Amino acid sequence: MISCLKPVRLGLLSKAQLVRKLSNAPELFKVLSDPVKMTERGIEVDGKEFLHMETRNMCKCEACYGRFSHQRTDLPYRGAMDFPDIRVSDIGRTSENYISLKWSDDHEGVIARNKRGNFGPDPIISRVENWFDLTCRKNSAQKFWSTPDEDVTKRWDYSWVVKNQENTIEFLTHYMKYGIGLLVDIPRHLGMMEIVEEGLKIKPLRRTCFSAVDLVRFKPNPDNVGYGSGPLNLHSDLPYFNQAPHVQFFHLLENTVIGGDSYWIDTFPILKELSEKRPDLFEILKTIPMVWRYSPPGTGIYQLSRQCVVKMQGDEIWQTVDAPQSMDPDTFARTTSLRDREMWWEAYNYYRRLVDQEDRIFSRKLNGGEFVMTDNFRVFHARRSFFKTSEEQERIVSTSYMDWNIMVSRVLSTEKGDSAFLEVREH
Amino acid sequence: MLSRLNQHSSFVPELARKLSGVLQMKEFNEGTQHNSKPVTSITEKGIQLDGKTLLHVETRNMCKCEVCFGKHSHQRNKLPPIGNASPAVKVEEIGKVTSQYVSLKWSDGHEGLIARTVRGEYGPGVIESRVRKWLDLTRRKNVEQEFWSTPNEEVTKVWDYSWVVSSGDNTREFLAHYMRFGIGLMNGVPKDLGMKDILSEGLKIGPIRRTSYEEVDYVRFKPNPSNSAYGTDLLPLHTDLASYFEAPHVQFFHCMESTVEGGESFWVDTFAAIKTMSEQRPDLLEVLKTVPMTFRYTPPGRGVFQLSQHPVVKMCGKDIWQTVDIIWSMDTAQFTRDEDLETRERWWEAFLYYRELVEDQDSWFVKKLRGGEFVITDNWRVLHARKEFRLTAPDQERIVSTSYMDWNSMANRVLSSDKGEHVFLEVDQH
């Protein structure tokens with residue numbers, strides 16, 4: 001039905017005019033009239049209904065939608081919301097990607113008929129088609145892993161990954177899917193900034209109280225458990241930030257100690273299991289916030305947050321926040337009722353028993369030149385204790401963070417300078 | 001009395017500590033320091049301490065001995081088996097009680113101590129007093145915030161920059177005011193100071209949160225703007241960077257020059273509107289809390305593709321937590337693909353209702369900012385906007401620099417002691 005429109009240039013005829021012209025060709029009339037029609041609540045386009053109000057907010061004409069900004073430019077105080085009773089008054093030309101409309105506020109414009117009309121032509125549209133849901137962290141696009149399989153443990157060669165845009169995107173989408181990505185054979189002279197900003201071409205790094213890049217190695221009297229040599233339980237980083245950084249980078253510079261293996265788990269299948277077997281406990285972890293704190297004496301640092309262990313976005317599992325070493329049970333006890341605390345500890349113990357199951361973990365003793373990216377909202381990391389048998393042995397890791405949106409931008413956007421304008425002028 | 005000899009290196013200090021403990025116990029028993037009830041008993045659920053029940057499992061997680069709680073990190077060093085405990089750990093014995101700590105022994109064999117007071121948790125000195133005063137404010141508890149439906153004197157108060165930065169206490173007072181009202185306005189910023197100087201050297205807060213707009217963005221008119229803000233038109237009330245999944249929390253706005261006609265800034269407190277909505281139309285508020293809208297910023301040719309999905313209203317428990325709202329970055333077309341018609345109808349009804357409340361001009365704080373004026377807003381709570389402006393002479397300009405920061409950096413400035421000022425727990429004196 002739609003394809004028959006393609007070779008036919010409808011010119012500047014409105015739909016009403018076309019209908020009159022075709023009144024003697026009922027079959028063709030029927031085909032041409034089907035794609036777009038008025039309904040009580042709005043219009044129907046290709047079998048899908050749109051509200052009058054939302055069509056006015058969807059206008060992509062260059063008076064309403066900035067060609068260079070892709071933002072609304074017709075900005076009375078509330079856009080179309082100044083006219084809550086606004087209606088489509090006429091349906092005009094229909095092309096492959098756009099439909100001309102006229103509204104009761106007398107504005108004439110166009111709305112997108114499909115994703116290409118909304119986002120623009122290739123390469124953007126094919127990337128959006130492939131990865132939109134993944135970049136939006138839809139659980140259906142992610143691959144949860146209860147035990148690590150070949151995909152989870154796959155080692156990606158750094159030089160291959162950074163060779164070109166397509167390879168980098170393939171690696172980053174793998175990371176987004178599994179919550180973890182492992183790069184190997186990083187040239188020894190490269191540091192975190194070079195790998196991330198110049199190699200993978202993603203920036204900026206997210207600065208925290210640990211600076212932009214932190215070097216994690218043993219220190220006596222450590223002001224953070226990460227700088228000790230003891231074990232670190234499975235945890236997410238920086239839970240004491242209201243907005244914990246999303247993407248974590250972990251570059252192993254040297255690891256000649258005994259022990260010190262790293263390991264990871266995917267918390268999302270655990271939460272899924274919890275939501276199915278014990279929805280009551282799952283609800284508690286979603287609604288009662290724990291307190292997290294990091295306030296090492298003498299450092300001028302005082303970080304504190306209150307967050308639920310589990311955060312959802314609608315029905316999607318969104319984030320897990322959990323670092324036992326940074327829990328503040330004292331403040332929790334002082335600020336939360338006994339009943340809530342009882343429920344919370346029961347729920348937390350149940351969930352944590354699932355987290356600490358050995359068969360779930362992906363374990364690896366990382367070597368110098370290896371680099372791991374983890375989804376700090378989803379995959380917990382940990383370290384086994386280590387010790388030195390000689391003075392020259394070291395375990396040195398550099399870590400850094402980034403916002404998720406930077407990854408999204410890298411996967412979906414074109415290169416700077418490569419403009420992908422909407423094709424409204426061709427409508 | 002439990003023995004702590006394994007933690008002490010010599011007899012004399014141990015004796016001194018024991019004597020000190022005796023004195024503290026005497027003070028405790030005489031009730032000179034606390035009006036709290038003495039520890040009474042171990043119960044089925046946990047222990048009774050100063051009239052409050054603490055669960056067995058949480059007491060074990062509260063141990064502040066230097067084996068369990070790093071002296072230099074204030075983090076848990078040695079984690080008791082939480083989920084793997086079988087049977088669950090319980091308090092077996094209550095030992096010495098001092099003004100700040102209580103010694104306990106648990107069923108896993110560990111002997112340690114828990115804090116009785118805020119001082120016991122945090123240590124003596126400034127931190128304790130700051131925590132007492134501002135903890136809930138820094139945690140964004142609604143009960144500590146002051147919602148404003150119309151701008152009052154507190155909201156519109158103008159703080160003198162040189163006074164604010166003249167001492168740490170003044171800075172904290174200003175920042176606490178900002179946290180309470182969601183907005184803080186300074187004037188008298190010296191002309192030679194830029195954003196970074198004001199933040200890192202003046203207010204002593206950081207780091208800046210870098211975004212796709214770099215660390216500091218200069219907002220001034222540009223032809224063919226790649227962002228609506230670089231035009232001259234009205235910018236309706238909005239939050240910034242809704243296209244980020246994690247929108248920056250704190251926004252700084254430094255007016256460097258404003259000699260144009262028009263261009264007034266205005267702000268509104270959405271939390272007051274949301275509270276009203278929760279009372280008048282809780283059904284519609286529920287829609288705004290649960291149905292996510294897509295927000296997008298994808299200017300062609302810039303190498304930027306920012307996209308996110310958020311409900312307009314986010315809660316933390318029962319507290320209003322965040323509002324996300326920027327009309328011109330809404331991707332209404334994508335929304336029609338994500339949600340069915342009925343949900344969308346309901347969402348538009350809810351959104352219009354909420355928007356009607358924030359668009360009430362009586363609720364706006366309006367001000368034409370001048371050069372040298374500086375505003376901090378809570379980008380998760382207070383919407384900001386700009387009226388249109390006109391250039392009527394070639395030398396006229398409106399130049400604003402903007403930047404962002406994490407909330408935690410503000411909380412840090414309010415609560416922490418200065419770097420180098422070590423505040424250890426007093427467990428050695430127990």
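Residues numbered from 1 in each chain as written. Chains lettered and ligands numbered in written order. Predicted model: local features only at pLDDT ≥ 70, side-chain atom pairs only at ≥ 80, totals over all residues. Heavy atoms only, no water.

### A word on the overall build of chain B
Then comes step 1: Within chain B, the secondary structure is distributed over 13 helices and 21 strands.
Then comes step 2: As presented, chain B carries roughly 16600 Å² of accessible surface, and 49% of it is formed by carbon and sulfur atoms. (Helix = DSSP H or I, 4+ residues; strand = E, 2+ residues; numbered from the N terminus. Areas by Shrake-Rupley, 256 points an atom, 1.4 Å probe, with all protein chains shown as cover.)

### Looking at the sheet that holds strand β13 (residues 262–266) of chain A
Residues and elements named next belong to chain A.
Then comes step 1: Overall, antiparallel pairing links the 4 strands, which are arranged β10-β20-β13-β18 in an open sheet. Across the chains shown, the open sheet's two edge strands, defined by having one partner strand only, are β10 (232–235) and β18 (362–364). Going across the sheet, the axis of each strand differs from the next one's by a mean of 15°, ignoring polarity.
Then comes step 2: Looking at chain direction, β13 and β18 are connected through 3 bridges and run antiparallel. Pairing of Y263 across the sheet is with S363, part of β18. (Pairing = 2+ DSSP bridges. Axes fitted to C-alpha atoms, helices over the stretch in contact; angles between N-to-C directions.)

### Let's talk about the packing of helix α9 (residues 270–280) of chain B against helix α10 (residues 282–290) of chain B
Axes are the key here: two packed helices are described by the angle between their axes and the distance separating the axes.
Residues and elements named next belong to chain B.
Then comes step 1: Contact geometry of α9 with α10 gives a least axis separation of 6 Å together with a crossing angle of 125°. Here α10 runs oblique to α9, going by the angle between their axes. Of the residues in α10, those touching α9 at I274, M277, S278, E279 and Q280 are P282, L284, L285 and L288.
Then comes step 2: Tallied by class, the residues present in the contact of α9 with α10 amount to 6 nonpolar, 2 polar and 1 charged. (Parallel < 35°, antiparallel > 145°, perpendicular 65-115°, else oblique. Contact = heavy atoms within 4.5 Å. Nonpolar A, V, L, I, M, F, W, Y, C, P; charged D, E, K, R; others polar.)

### Describing the environment of H381 of chain A
Residues and elements named next belong to chain A.
Then comes step 1: Residue position: H381 is located in strand β20 (residues 379–383).
Then comes step 2: On a C-alpha basis, the gap between H381 and W264 in space is 4.4 Å, while along the polypeptide they are 117 residues apart.
Then comes step 3: With residues up to four places along the chain from it excluded, the contact list for H381 reads N233, L234, H235, S236, D237, Q248, Y263, W264 and N376.

### Details of the domain arrangement of chain A
Then comes step 1: Along its sequence, chain A is organised into domain 1 (12–119) and domain 2 (134–412).
Then comes step 2: For domain 1 of chain A versus domain 2 of chain A, the separation of C-alpha centres amounts to 46 Å. (Domains from an automatic or database assignment.)

### Digging into the confidence of the model for chain A
All names here are of chain A.
Then comes step 1: On average, residues of chain A score 88 in pLDDT, and 90% of them are at 70 or above.
Then comes step 2: The low-confidence segment residues 1–11, where pLDDT is below 50, has 16 contacts with residues more than four positions distant or belonging to other chains.
Then comes step 3: pLDDT under 50 marks residues 27–31. Its contacts with residues more than four places away, or in other chains, come to 5 contacts. (pLDDT = per-residue confidence, 0-100.)

### Section: the domain arrangement of chain B
A common measure of how large an interface is: the accessible area buried when the components associate.
Then comes step 1: The assigned domain composition of chain B is domain 1 (32–122) and domain 2 (126–416).
Then comes step 2: Placing a centre on the C-alpha atoms of domain 1 of chain B and another on those of domain 2 of chain B gives a separation of 42 Å.

### Examining the sheet that holds strand β4 (residues 88–94) of chain A
All names here are of chain A.
Then comes step 1: Pairing is antiparallel in the open sheet, where 3 strands are placed in the order β4-β5-β6. Whereas interior strands pair on both sides, the edge strands pair on one side only; in this sheet they are β4 and β6 (108–112). Direction aside, the axes of adjacent strands within the sheet are offset by 30° on average.
Then comes step 2: For β4 and strand β5 (residues 98–103), the ladder comprises 4 bridges, and the chain directions are antiparallel. By the bridge assignment, T94 is partnered in β5 with I99.

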